[in-house]
Amino acid sequence: MNIDYKLNSIVPWGRNLEEYRTMFSLSNKDLQKKILGCGDGPSSFNAELTILGGDITSIDPIYEFTKVQLSKRIDEVAIEVMAMVDKNSAHFVWKSIKNPNELKQVRMSAMKYFLEDYQQGLEQKRYRFEMLPGLPFEDKRFDLALSSHFLFLYSKHLDFDFHLSAILEMLRVADEVRIFPLMTLNNLYSPHLDKVREALALEGYKSEIIKTEYEFQQGADEMLKVYYGTN
């Protein structure tokens, strides 16, 4: 499946380390693992974890673009996204983030942190212009692969075959995969979820749906954890 990743078609929207902790139920031990972030975009997760001594590589097609290009696109997208949030505020859970103004502050702060780290991260190969379902890493290069707000969320845009191929590729390069959320943009469980789990089981993988402490999109408070054998 070919996806258009022209700059004017992407929606860069970043989250921070604390959100990753709660989305993926990451323990301090998890954060010490070799981590691959798939589709991290302009999140500050990589930058913040690197400061703490973490071993983190993020992949995303947006890393093809320059800091100036991404900064301009982020400013454009912020206006679009916040207008959507204001229009649909009843569909979000205003708990850890109290209101749309605070949401904008949290997101823009995370993305500013990312932009400040971006050039150095490119040079250190912590940010890599790659995309699922084909990755250049050797087998089991990582302990843990994470996918935030990409797989399952965009089930209307990405079909079952893409989901299965992407997850199997993540499992090739990492011992364990965690995906959040399991809901689509329409606040419904992804139609691919059950079929993906069945297909993974046939390949010998175990999967668990785990409740997390993170909920911003209503009902989206679960992640999928996938691994081979015991874990």
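In this report, the structure presented in the accompanying data block is examined.

Rules behind the numbers
Residue indices follow the written sequence of each chain, beginning from 1 at its first position. Where local features are concerned, this predicted model is filtered to residues with pLDDT of at least 70; where side-chain atom pairs are given and counted, the filter is 80 or more; whole-chain, interface and lining totals use all residues. Working from all heavy atoms in the structure, the side-chain values ignore hydrogens and water. Here a strand is any run of E in DSSP of at least two residues, a helix any run of H or I of at least four, and the numbering for each starts at the N terminus. Only C-alpha atoms enter the radius of gyration, while the globule expectation follows 2.2 Å times N to the 0.38, with N the number of residues. Only protein chains enter the calculation, and the probe is 1.4 Å; a residue is then buried if its accessible area is under 20% of its type maximum, exposed if over 50%, and partly exposed in between. The contact definition used throughout considers only heavy atoms, calling two residues in contact when any of these lie within 4.5 Å. Per-residue and other accessible areas follow the Shrake-Rupley method at a 1.4 Å probe size, with only the shown protein chains counted as cover for residues. Remark: nonpolar core denotes a set of buried residues (Ala, Val, Leu, Ile, Met, Phe, Trp, Tyr, Cys) joined through side-chain atoms within 4.5 Å. Here, strands pair whenever DSSP counts at least two bridges between them. Between N-to-C directions, angles cover 0 to 180 degrees, with each direction set by a line fitted to C-alpha atoms, over the stretch in contact for helices. With a 1 Å grid spanning the protein atoms alone, the term cavity applies to any set of points in which a 1.4 Å probe fits but cannot get out, the term pocket to an open set with protein on both sides within 12 Å along at least five of seven lines, and the term lining residue to any residue with an atom within 4 Å of a point. Grid points are joined across faces, edges and corners, and a volume is the space filled by probe spheres set on the points. When residues are sorted by character, Ala, Val, Leu, Ile, Met, Phe, Trp, Tyr, Cys and Pro go into the nonpolar class, Asp, Glu, Lys and Arg into the charged class, and all the rest, Gly among them, into the polar class. Here is the rule: rings of Phe, Tyr and Trp (six-membered ring for Trp) pair when centre to centre is within 6.5 Å. Planes less than 30 degrees apart are stacked, more than 60 are edge-to-face, and the remainder are tilted. By the counting rule applied here, Lys and Arg register as positive and Asp and Glu as negative, while His and the ends of each chain are not counted. Just to be clear on terms, a salt bridge is a Lys or Arg side-chain nitrogen sitting within 4 Å of an Asp or Glu carboxyl oxygen. We define a polar contact as two N or O atoms separated by no more than 3.5 Å, with the added condition that, inside protein, one atom must be a possible hydrogen donor and the other a possible acceptor, whereas residues neighbouring each other in sequence contribute only through side-chain atom pairs.

**So, the overall build of the protein**
Counting secondary structure elements, the protein contains six helices and seven strands. Beginning at the N terminus, the succession of helices and strands in the protein can be written as α-β-α-β-α-α-β-β-α-β-α-β-β. The C-alpha atoms of the protein give a radius of gyration of 17 Å, which matches the 17 Å a tight globule of 231 residues would have. Overall, the C-alpha framework of the protein stretches about 45 × 40 × 35 Å when taken along its three principal axes. For the protein, buried positions account for 50% of its 231 residues. Of the contacts made within the protein by residues no fewer than 6 positions apart, 72% connect residues no fewer than 24 positions apart. As displayed, the protein has an accessible area near 11400 Å², and 50% of this comes from carbon and sulfur atoms.

**A few points about the nonpolar core**
Grouped burial of nonpolar side chains is what soluble globular proteins tend to show. In this structure, Phe 24, Leu 26, Phe 45 and Leu 146 are the most contacted members of the largest nonpolar core, which totals 36 residues. Apart from the residues within four sequence positions on either side, Phe 24 is in contact with Leu 146, Ser 147, Ser 148, Arg 178, Ile 179, Phe 180 and Met 223. The next biggest cluster of nonpolar side chains, apart from the first, holds 30 residues, and it includes Leu 158, Ala 166, Leu 171 and Val 177.

**Observations regarding the sheet that holds strand S7 (residues 222-228)**
Taken in spatial order, the seven strands make up an open sheet running S3-S2-S1-S4-S5-S7-S6, and their pairing is mixed. Since the sheet does not close on itself, it has two edges, and those belong to strand S3 (127-128) and strand S6 (205-211), each with one partner. Against the sheet, helix H6 (residues 193-202) engages S6 and S7, with an angle of about 145° to S6.

**Details of the layout of surface pockets**
Rolling a probe over the atoms, with the probe sized like a water molecule, indicates the empty space that remains. In this model, the second largest pocket occupies a volume close to 300 Å³. Surrounding the second largest pocket, 14 residues form its lining, Thr 22, Ser 96, Ile 97, Glu 213 and Tyr 214 being those nearest its centre. The element contributing the most residues to the lining of the second largest pocket is helix H1 (residues 17-23), with three residues. Taken together, the residues of the lining of the second largest pocket break down into five nonpolar, four polar and five charged.

**Quick notes on the packing of aromatic side chains**
A full pass over the atoms with the stated rule returns 16 aromatic pairs. Ring centres 5.9 Å apart and planes at 50° place the aromatic pair Tyr 118 and Tyr 127 in the tilted group. Judged by relative accessible area, Tyr 118 falls into the buried class, the value being 0%. The structure contains a cluster of three or more aromatic residues connected by ring pairs, namely Tyr 20, Phe 24, Phe 45, Phe 180 and Tyr 214.

**What to know about the side chain of Glu 48**
Here Glu 48 shows up in helix H2 (residues 45-51). Despite its burial, Glu 48 pairs with no opposite charge; the closest candidate is Arg 21, at 7.9 Å N-O. A distance of 2.9 Å separates a polar side-chain atom of Glu 48 from the backbone nitrogen of Leu 17. Those residues within four positions of Glu 48 in sequence are excluded, and the remaining contacts are Asn 16, Leu 17 and Tyr 113.

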